[in-house]
Amino acid sequence: MRNIFFVGTAGSGKSTMVGAFKQWLDDNGVDAVTVNLDPGADRLAYRADVDIREWISLGEVMDEYSLGPNGAQVVAADLMAMNIHRLTSVLGGYRTNYALIDTPGQLELFAFRESSGMIVDALGKERSMIAYLSDPMLCRRPNGFVSSMTLSALVQFRLQLPMVNLLSKLDVLSEEDSERVIDWFENPDTLYGDFLDEDSDPQTVVGMELFKALENTGVFGGIRGVSAEEGTGLDEIYAAAQLTFFGGEDAERN
């Protein structure tokens, strides 16, 4: 079993993408299970085969520890790591190709706490990758784009896993905007030029310096535009997984 962790900021479309990608895999004869790691999720866009809410309830955490929603999310993230053996026990009962793992809505709860490393290790770091979803509305301007790429780079640095970058909710962008954002990722010189065009923005200098630092780390190079609503780019997520785990061979369907 290979694990794909769907990671991104709140509202980037992780849950919807997990549901859409699961349906795409089903339609193409690839077996997969869905895993929800968000104890505070009210509704999911898919039927979770394994659900952390069976062991951890955000409401119960709030009551037991006298916490508000934000504090309870932090405690729940740590409790999730403490209960990971229950989740791995259930997940180990499946014989499947992929586990599609929906992470908490608050990016920092998964990426920046020690408990996340424990969860990744327990599920099998050597069999895992990240699908990072960037919010399209944040990425429309150079500063927002660099902010999103900074978060993406930090997530990869923290978790030390192979990663595919996804421009989520492609259907909410115009064709011109989506092409421009993808071009920024693949051709950093274009992004640099667009930064210079925003000379009236006081944050431009800071953004340009951050962009240069990111460019030197090698995080640029490719992003896939995807849409759960229209089914766009789902085959590219699968191709990226095949490349990461099997060197590009379509092992599941062969």
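Here, the structure is the one placed above.
Now for a quick tour of the structure. Predicted, not measured: the structure shown is a model, and the values here were computed from it.

1. Quick word on the nonpolar core
Grouped together as the largest cluster of nonpolar side chains are 32 residues, with contacts concentrated most on F5, V7, V35, L37, L87, I130 and V155. When near neighbours in sequence (up to four residues on either side) are disregarded, L87 contacts V35, L37, V50, I52, W55 and L123. F6, V30, L100 and L234 belong to the second largest nonpolar core, which has 26 residues in total.

2. Observations concerning the packing of aromatic side chains
All chains considered together, the criterion is met by 9 aromatic pairs. Between F6 and F21, the aromatic rings sit 6.3 Å apart at their centres with planes inclined by 55°, giving tilted as the arrangement. Here F21 lies in helix α1 (residues 14–27) and F6 lies in strand β1 (residues 2–8), a separation of 15 residues in the sequence. Assessed through its relative accessible area of 0%, F6 is described here as buried. Between the aromatic rings of W24 and Y238, the centroid separation amounts to 5.4 Å while the plane-to-plane angle is 45°, which identifies the pairing as tilted. With W24 in helix α1 and Y238 in helix α11 (residues 234–246), this residue pair connects regions lying 214 residues apart in the sequence. The same class applies to W24 as to Y238, namely buried. What links up through ring pairs into an aromatic cluster is the set F6, F21, W24, Y98, Y238, F245 and F246.

Cut-offs applied
Residues numbered from 1 in each chain as written. Predicted model: local features only at pLDDT ≥ 70, side-chain atom pairs only at ≥ 80, totals over all residues. Heavy atoms only, no water. Core = buried A, V, L, I, M, F, W, Y, C linked by side-chain atoms within 4.5 Å. Buried < 20%, exposed > 50% of the residue type's maximum accessible area, 1.4 Å probe, protein only. Contact = heavy atoms within 4.5 Å. Phe/Tyr/Trp six-rings, centres within 6.5 Å; stacked < 30°, edge-to-face > 60°. Helix = DSSP H or I, 4+ residues; strand = E, 2+ residues; numbered from the N terminus.

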